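# Descriptive structure summary
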Amino acid sequence: MFSKIPLFLSLLAWGFMAFLLITLSFYNQPSITDDFCFGWMGREYGIFLGAYHYYAGWSGRYFADLLLHFNPLVFSKSFEHFKWGTITLIVIGFANGYYFFKNAFNLSHKNPNLWILSLVSQAVCWYTIPGLFQLFYWFSGHYYYLSFQLAILFVNVYFYCSKPILRITLIACIIFCLIGSSEISMIMFSGIFWPWQLYMAWKQKKIKLETILFLIIWGISIGLVLLSPGNKIRAPKHIDYTKGLIESIMNFGLLLKLYVKSPLIWVFNLLLFVTIEKSKKQYLLSFKEITGILIFFFISYFLVFVPLAFGLGEKFIPERIQSLILMYLIFGFGYLVVWMKYKVGQMNPSSLVISQISLLVVFITLLFFNQNSKQFYGEWRFDKAKKYANENAKRFDLILTSRNQQVKIPPIENKNTMFFMEELSTDPKHLWCKCIANYYGKADIHLDK
């Protein structure tokens, strides 16, 4: 009975935010930022042709362009379907993490440590990433989180799929989708995967046929992103590479600081350290091997990030991208925790349970001071999201039921909520106003002055 307490505490830590995420998702609505544009394009041109138009005119993220055109607005004018995006992301994230821990540490389904690690690893991301709302509620931001899940899925398939044909097929598909989902995921994946492939080829004194196949697919995918017509349209004419290098170093330092300053991440790392059993020895590299791969990763990060970021005109890192990189840092440093645990050895069962309980109690206590937990709890406790959703729905019902071609809608009064991202413009020529007008088949929609 005593050994079940850590499982209960981990379920409590996970369940608190899961409850808030799912409950608030029922008040989720399309954002005027991008969502109606994707909804209109998908309904007007179809999902695939709409995605191609975005690829040709805005972004080289070909797979993300496709995902964004599966916007619920394409299939229905009702806003109630937007809750499924949040719920789906929760399920995908938990399943991916569950099977990773199960495979990496040879844990059975009945082992409570498998469930503890799966629950807390997902929870620590929820509580620590700064762009939780954008990733889980803003439909046009979902693909950032999905790109991270593609990376975890790649690890699951690459190391733990035992059927050769299925493994190679899945890996080829994942590489293609991953590269086209997010520039950050493309950089993070490429910076780790290819140093690993080069090292294995050198160590085994041969290049496998599958490696050549993956290189071809990766090269084609990279070309589709970097040489896309949309990126050429967005790219500025003059790029200051020196400034870009300095800013990329500063940004990476900022994200490392964000990682280091999070007490929940350190508690999770300690919990991971005391809980995990020895992983498969062939996946534990030597100190020199880890150092070499990290050097290759940082070289690729800085070399690729500079022209890519400035080629797209990006001059700062929004919260959704900070969140994505932070999740990669949590995963990457988690490997170092596993590596250190392998060197130290196992704990005896009695001290393991006591350590787990102590760390989980600290984890739960820190939630009272955590920004994400306080913000999401406030949204639920004081009906902020509900009030906004009711008011916003009435505004769009006005558009839907109006017979006029020109519709003025009142401004939002309940703005004290994270669900309020941006207000409509009083200028009917503003992009968001034009997208909403096109979606509802109106000539003119704008905010009432």
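In what follows, the structure referred to is the one given above.
Remember, it's a predicted structure, so these values are computed and weren't measured experimentally.

## Quick notes on the packing of aromatic side chains
With the rule as written, the count across this model stands at 47 aromatic pairs. Here a set of aromatic residues connected by ring pairs shows up, and it is made of Phe154, Tyr158, Phe159, Tyr160, Phe189, Phe193, Trp194, Trp196, Phe214 and Trp218. Over the face of the ring belonging to Tyr439 we find Arg43, whose NZ or CZ atom lies 4.2 Å from the ring centre.

## Notes on the pairing of strand E1 (residues 406-409)
Only one face of E1 is covered, namely the one carrying Val407 and Ile409; the face carrying Gln406 and Lys408 has none of its residues buried. The pairing of E1 with strand E2 (residues 444-447) spans four bridges and is parallel. When the bridges of E2 are listed, Gln406 appears paired with Asp444. Between the parallel pair E1 and E2, the chain is carried across by helix H21 (residues 431-440), and the sense of this crossover is right-handed.

## Some thoughts on a nonpolar patch on the surface
There is a patch of nonpolar side chains on the surface, built from Ile207, Leu209, Ile212, Ile216 and Ile220 and spanning about 530 Å² of accessible area. Within the secondary structure, Ile212 is located in helix H12 (residues 209-226). Residue classification places Ile212 among the partly exposed positions, given a relative accessible area of 40%.

## Quick word on the packing of helix H10 (residues 164-179) against helix H11 (residues 183-204)
Two numbers describe how H10 lies on H11: the axes approach to 8 Å, and their chain directions differ by 135 degrees. The angle between H10 and H11 places the two elements in the oblique class. Judged by residue contacts, Ile175, Leu178 and Ile179 of H10 engage Ser185, Met186, Phe189, Ser190 and Phe193 from H11. The residue makeup of the contact of H10 with H11, split by class, is six nonpolar, two polar and no charged.

## As for the environment of Phe419
Among the secondary structure elements, Phe419 is positioned in the loop between E1 and H21. Sequence spacing of Phe419 and Pro195 is 224 residues, and the spatial spacing of their C-alpha atoms is 41 Å. Sequence-distant contacts of Phe419, defined by excluding residues within four places in its chain, comprise Leu24, Tyr27, Asn28, Phe133, Tyr137, Glu379, Ala385 and Tyr388.

## Section: the packing of H11 against H12
At their nearest, the axes of H11 and H12 sit 12 Å apart, and the two run at 155 degrees to each other. Here H12 runs roughly antiparallel to H11, going by the angle between their axes. Crossing geometry of H11 relative to H12 is assigned as left-handed. Touching Met186, Phe189, Ser190, Phe193, Trp194 and Gln197 of H11 are Thr211, Phe214, Leu215, Trp218, Ile222, Val225 and Leu226, all from H12.

## Let's talk about unusual backbone geometry
Among all residues save glycine, negative phi is the norm, and among peptide bonds the norm is trans. Backbone geometry places Asp34, a non-glycine residue, at a positive phi of 80 degrees. Within the secondary structure, Asp34 sits in the loop between helix H1 (5-25) and helix H2 (35-45). Its relative accessible area of 22% is what places Asp34 among the partly exposed residues. For Asp383, which is not glycine, the phi dihedral falls at a positive 55 degrees. With respect to the secondary-structure elements, Asp383 resides in the loop between helix H19 (371-381) and helix H20 (384-401).

## Quick notes on the pattern of salt bridges
By the definition in use, this model includes three salt bridges. For the salt bridge of Glu210 with Arg167, the shortest nitrogen-to-oxygen distance reads 2.7 Å. Placement of Glu210 in helix H12 and of Arg167 in helix H10 is noted, with a sequence separation of 43 residues between them. Comparing Glu210 with Arg167 shows no difference in burial state: the two are buried. For Glu423, the salt bridge identified is with Arg395, shortest N-O distance 3.1 Å. With a gap of 28 residues between them, Glu423 in the loop between E1 and H21 and Arg395 in helix H20 connect regions that are remote in the sequence. Just as Glu423 is buried, Arg395 falls in that class too.

## Let's talk about H11
Here H11 is 22 residues long and its end C-alpha atoms lie 31 Å apart, about the 32 Å a rise of 1.5 Å per residue gives. Of all 22 residues in H11, 16 are buried; the element is thus mostly enclosed. Sitting at the head of H11, Ser182 places a side-chain oxygen 3.3 Å from the backbone nitrogen of Ile184. Lys205 occupies a position one or two residues after H11 and carries a positive phi of about 60 degrees.

## Focus on the environment of Ile22
With respect to the element layout, Ile22 can be found in helix H1. Since its relative accessible area comes to 31%, Ile22 is described here as partly exposed. A sequence separation of 305 residues divides Ile22 from Met327, and the C-alpha atoms of the two residues are 21 Å apart. Setting aside its immediate chain neighbours within four residues, Ile22 contacts Ile87 and Ile90.

How each quantity is defined
What you see as residue numbers is a count from 1 along each chain, following the sequence as written. Per-residue local features are limited, in this predicted model, to residues with pLDDT of at least 70; the limit for side-chain atom pairs, both in listing and counting, is 80 or more; totals at the level of whole chains, interfaces and linings are taken over all residues. Side-chain metrics in this entry use all non-hydrogen atoms of the structure; hydrogen atoms and water are not considered. Note on aromatic contacts: the rings of Phe and Tyr and the six-membered ring of Trp form a pair at centre separations within 6.5 Å, being stacked when their planes are under 30 degrees apart, edge-to-face when over 60 apart, and tilted otherwise. In this scheme, the term charge over a ring applies when either NZ of a lysine or CZ of an arginine sits within 6 Å of the ring centre and within 35 degrees of the ring normal. Relative accessibility under 20% of the residue-type maximum defines a buried residue, over 50% an exposed one, and the middle range a partly exposed one, all with a 1.4 Å probe and only protein chains included. Note on conventions: DSSP H or I runs of at least 4 residues are helices, E runs of at least 2 residues are strands, and numbering of each starts at the N terminus. Here, strands pair whenever DSSP counts at least two bridges between them. Note on handedness: a clockwise path from strand one over the helix to strand two, with the strands aimed away from the viewer, defines a right-handed crossover. Patch membership requires over 30% relative accessible area and the absence of a salt bridge. Like charges are linked within 9 Å, and nonpolar side chains (Val, Leu, Ile, Met, Phe, Trp, Tyr) within 5 Å. Accessibility throughout is a Shrake-Rupley quantity obtained with a 1.4 Å probe, and a residue counts as covered only by protein chains that appear here. When a carboxyl oxygen of Asp or Glu lies within 4 Å of a side-chain nitrogen of Lys or Arg, that pair is called a salt bridge. The axes used here are C-alpha line fits, helices contributing only the stretch in contact, and every angle between their N-to-C directions lies in the interval 0 to 180 degrees. Oblique is the label for any angle not covered by the other classes, which are roughly parallel (under 35 degrees), roughly antiparallel (over 145) and roughly perpendicular (65 to 115). Any two residues whose heavy atoms approach within 4.5 Å are treated as being in contact. Three classes are used, and their members are as follows: Ala, Val, Leu, Ile, Met, Phe, Trp, Tyr, Cys and Pro are nonpolar, Asp, Glu, Lys and Arg are charged, and the others, Gly among them, are polar. Helix crossings fall into two classes, left-handed where the near helix is turned counterclockwise from the far one by less than a right angle and right-handed where it is turned clockwise. One less than the number of residues in a helix, times 1.5 Å, gives the span that helix is expected to have. Here a polar contact means two N or O atoms within 3.5 Å. Within protein one must be a hydrogen donor candidate and the other an acceptor candidate, and residues neighboring in sequence count only if both atoms are side-chain atoms.

Function-wise, these values are silent; they only describe arrangement.
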